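Chain by chain, the residues run as shown.
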Amino acid sequence: MRYTEDHEWARLEGGVVTIGISAYAVEQLGDVVYVELPEIGKKVTAHGEMALVESAKAASDVFAPIAGEIVEVNAALAADPELVNKSPEADGWFVKLKPADPAALDALMDKAAYDAFVQGLG
Amino acid sequence: MRILRMCFGTALESGERMSGNDTLQSLPLDALWRGRGARFAPFAGYDMPVQFEGVIAEHNWTRTHAGLFDVSHMGPCFFALPKGHALVGDAAHQKIASLIERLVPADIQGLKAGQVRYTTLLNPEGGVLDDLMIARPAEPGAAGDLYIVVNAGGKLDDWALINKAVGGEANLVRADDRVLLALQGPDAAAVAAAVIDAKLADMKFMRVARYEAFGRLTITRSGYTGEDGYEILVRAEHAPALVEALLADARVKPIGLGARDSLRLEAGLCLYGHDLDPTISPIEADLAWTIQKRRRDAADFPGAQRILSEWKNGPTRKRVAIRPRERAPARENVEIMKDGRKIGIVTSGGFSPTLNAPISMGYVEAQFATPGTPVELLVRGQARPADIVALPFVPHRYVR
């Protein structure tokens, strides 16, 4: 699992990267009430806008951790956006992406580095 | 992830907001709420508890049990004739009421002892400078006093305006060093009767009285959630004991400012600075009911010409409730469209836990204000279908 400074996570499995937002980010946002996901086939750039998440407290852009093409979205979030709260780093995933370059993930933080980064946010 | 719009702060927000924090004021009960696990964020110059267990859970608890809110950021004050005045009873009340009526369109002279009215502070153009509660104390000894509660954001300006308007004819005494609590929800009456005074169960909506408990309390049966409940002014030194006694009742939970916002939005109540501002008249804001007949006949309040013209002929724009048909919330500043033309703007919007759907309030051209009118909301550049509906979104449950 890799993380960005913008609190997205990315996990590579069988050539496809699953992406969501971190447990820390979800804890800060509180109750998620709406998630807007991209269309399948959309090409995204690294750090480009990819999705939107609205909680009872805030609306936030979600960025693509790396470049690629959206191959699947988590359709369950339309009816049950709370899944993001219940399971932020598993069932509450946002999209699956076919990466332009899987090696781009290596530039992102690993779990230990991200935890230290979050600690530093105070 | 990047926060686009905040309702209330989260730690993910950029450092800009944090840099302004050095001037933030703390509530007298700051430590108590932190001990109860509150998450804090700045609001109207105060570091406020915005969330305890979660906005939606707190919202639902208030609708089904009783929620305790700390609203000490607001501006309670006592407005009184100078000491040693010779007037008594109704004559004293009429004198003090006539002074505040220079700034508000409500019939304050007509208040009976112990009665409370919601009204607006107006500028000379009939625009709303703030919305507020004015109460005539129940106790005969307090004749010639008014108990007034204004909003946090504009309290210093409001008080300066009131002082200026009355010259030296009355004194305004701030009470914002005290703690102002709101106890709201269907269990509020039973809890207040058990913890404070049995007589509170029989108090009527929009009434005020003093209670000799926890020091001396000034309590109104009122609130800003759409639920039955009370707003309680308590001296800071007695506040911790009162709060602990209320929270010791299993029906009561502490509730943050986040849920207060979703509750008042469901109840169709205006948030100053969002749904009300100095360009908006009480008629446009659908607050015509706050201007009683005596004042309309006398036409003696600021902006009376505009306000009475709008009363008679109808305003050009009107505050409305809006239900998006899809799940995407339409928040403040979203444009409201009809047939490709902008007809208005959203002033408050979010998610309604009670309806499990997004809800918004805003202003539209009067011809489109009828409930049932389909409109479109321009959310992030995309026109989304919505309908004008009747206010409030969730029925009020006041005890009349």
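Counting of residues starts from 1 at the beginning of each chain's written sequence and follows it residue by residue. Starting at A for chains and at 1 for ligands, labels are handed out in the order in which the entities are written. A pLDDT threshold of at least 70 governs which residues receive local features in this predicted model, and a stricter bar of 80 or more applies before side-chain atom pairs are shown or counted, although totals over entire chains, interfaces and linings include all residues. Water and hydrogen atoms play no part in the side-chain values, which are based on all heavy atoms of the structure.

(A) Looking closely at unusual backbone geometry. All names here are of chain B. The omega angle of the peptide bond from Leu-391 to Pro-392 is -10°, so this bond is cis rather than trans. A helix here means a DSSP run of H or I that spans at least four residues, while a strand means a run of E at least two residues long, and both kinds are numbered starting from the N terminus. Tracing the sequence through the fold places Pro-392 in the segment after strand 21 (382–389). One non-glycine residue, Phe-214, lies in the positive phi region at around 50°. Mapped onto the secondary structure, Phe-214 falls in the loop between strand 12 (208–211) and strand 13 (217–220). Backbone geometry at Asp-286 places phi at a positive 65°, although glycine is not the residue there. Here Asp-286 shows up in the loop between helix 8 (257–266) and helix 9 (293–298).

(B) Molecular detail of the sheet that holds strand 17 (residues 335–338) of chain B. Residue and element names in this part refer to chain B. Two strands pair if DSSP finds at least two bridges between them. Strand order around the closed barrel formed by 6 strands is 16-19-18-17-20-21, with antiparallel pairing between neighbours. Each neighbouring strand pair of the sheet contributes to a mean axis angle of 45°, computed without reference to strand direction. When strand 16 (residues 317–324) meets strand 21, the two strands line up antiparallel, connected through 4 bridges. If you follow Pro-324 over to strand 21, its bridge partner there is Ala-386. All axes here are fitted lines through C-alpha atoms, helices being fitted over the stretch that makes contact, and every angle between N-to-C directions spans 0 to 180 degrees.

(C) Geometry of helix 8 of chain B. Residues and elements named next belong to chain B. Burial within helix 8 is extensive, with 9 of its 10 residues counted as buried. Buried within helix 8 we find Leu-257, Gly-258, Ala-259, Arg-260, Ser-262, Leu-263, Arg-264, Leu-265 and Glu-266. Looking at the buried positions of helix 8, the neighbouring elements they touch are strand 3 (39–43), strand 4 (46–51), helix 3 (55–64), strand 5 (66–70), strand 18 (341–352) and strand 19 (357–365). Of the residues one or two after helix 8, Gly-268 is the one with positive phi, at around 70°. Categorising residues by exposure relies on relative accessible area from a 1.4 Å probe, with only protein chains included: less than 20% of the type maximum marks a residue as buried, more than 50% marks it as exposed, and the intermediate range marks it as partly exposed. Contacts between residues were defined by any pair of non-hydrogen atoms, one from each residue, lying within 4.5 Å.

(D) Representation of the interface of chain B and chain A. Every contact between the two is made by 25 residues of chain B and, on the other side, 28 residues of chain A. The term buried area denotes the loss of accessible surface (1.4 Å probe radius) that occurs when two parts are joined, taken as the sum for both partners. Across the chain B to chain A interface the summed buried area is about 2,300 Å²; carbon plus sulfur atoms make up 53%. Salt bridge criterion: a side-chain nitrogen from Lys or Arg within 4 Å of a carboxyl oxygen from Asp or Glu. One can count 7 salt bridges joining chain B with chain A. Polar contacts, as counted here, are pairs of nitrogen or oxygen atoms within 3.5 Å of one another; within protein the pair requires one atom able to donate a hydrogen and one able to accept it, and residues that are adjacent in sequence qualify only if both atoms are side-chain atoms. Counting across the chain B and chain A interface gives 10 residue pairs in polar contact (both at pLDDT 80 or more). If you list the elements that add at least two residues to the side of chain B that touches chain A, you get strand 1 (2–6) and helix 3 of chain B. The residue classification treats Ala, Val, Leu, Ile, Met, Phe, Trp, Tyr, Cys and Pro as nonpolar and Asp, Glu, Lys and Arg as charged. All others, Gly included, are polar. The residue inventory of the side of chain B that touches chain A, partitioned by class, reads 14 nonpolar, 4 polar and 7 charged.

(E) Molecular detail of empty space enclosed by the protein. All names here are of chain B. Put plainly, a pocket is an open set of points on a 1 Å grid over the protein atoms alone with protein on both sides within 12 Å along at least five of seven lines, a cavity is a set where a 1.4 Å probe fits but cannot get out, and a lining residue has an atom within 4 Å of a point. Grid points are joined across faces, edges and corners, and a volume is the space filled by probe spheres set on the points. The full count for this structure, using the stated rule, is 2 cavities of 30 Å³ or more. Here the second largest cavity defines a volume of roughly 40 Å³. In terms of lining residues, the second largest cavity is bounded by Trp-33, Met-48, Pro-49, Phe-52, Leu-68, Phe-69, Asp-70, Ile-255 and Leu-257. Counting only elements with at least two residues in the lining of the second largest cavity, the list comes to strand 4 and strand 5. It is strand 5 that provides the largest number of residues to the lining of the second largest cavity, a total of 3 residues.

(F) Seen up close, the environment of Glu-49 of chain A. For Glu-49 of chain A, the position within the fold is in strand 6 (residues 49–55). The residues contacting Glu-49 of chain A, other than those within four sequence positions of it, are Lys-42, Val-44, Asp-61, Val-62 and Phe-63 of chain A together with Arg-2 of chain B.

(G) Structural detail: the pairing of strand 7 (residues 116–122) of chain B. All names here are of chain B. The buried fraction of strand 7 is high, at 7 of 7 residues. Relative to strand 8 (residues 128–135), strand 7 runs antiparallel, the two being bridged by 7 bridges. Pairing of Leu-121 across the sheet is with Asp-130, part of strand 8. With antiparallel pairing between neighbouring strands as the criterion, strand 7 and strand 8 make up a hairpin whose turn holds 5 residues, including Gly-126 at a positive phi of roughly 80°.

(H) Fine view of the domain arrangement of chain B. Residues and elements named next belong to chain B. Per the domain assignment, the segments of chain B are domain 1 (15–71 + 178–266), domain 2 (75–174) and domain 3 (316–400). Taken together, the two surfaces of domain 1 and domain 3 that pack against each other cover about 1,500 Å², and 58% of this comes from carbon and sulfur. The largest per-residue losses of area from domain 1 upon contact with domain 3 belong to Phe-205, Leu-265 and Glu-266, which jointly make up 47% of the total buried on that side. As a salt-bridge pair, Glu-227 and Arg-397 come within 3.0 Å of each other at their nearest N and O atoms. Summed over the shared surface of domain 1 and domain 3, the number is 11 residue pairs in polar contact (both at pLDDT 80 or more). Contributions of two or more residues to the side of domain 1 that touches domain 3 are made by helix 3 and helix 8. Split into classes, the residues belonging to the side of domain 1 that touches domain 3 amount to 4 nonpolar, 4 polar and 7 charged. Note that domain bounds follow an automatic or database assignment of domains.

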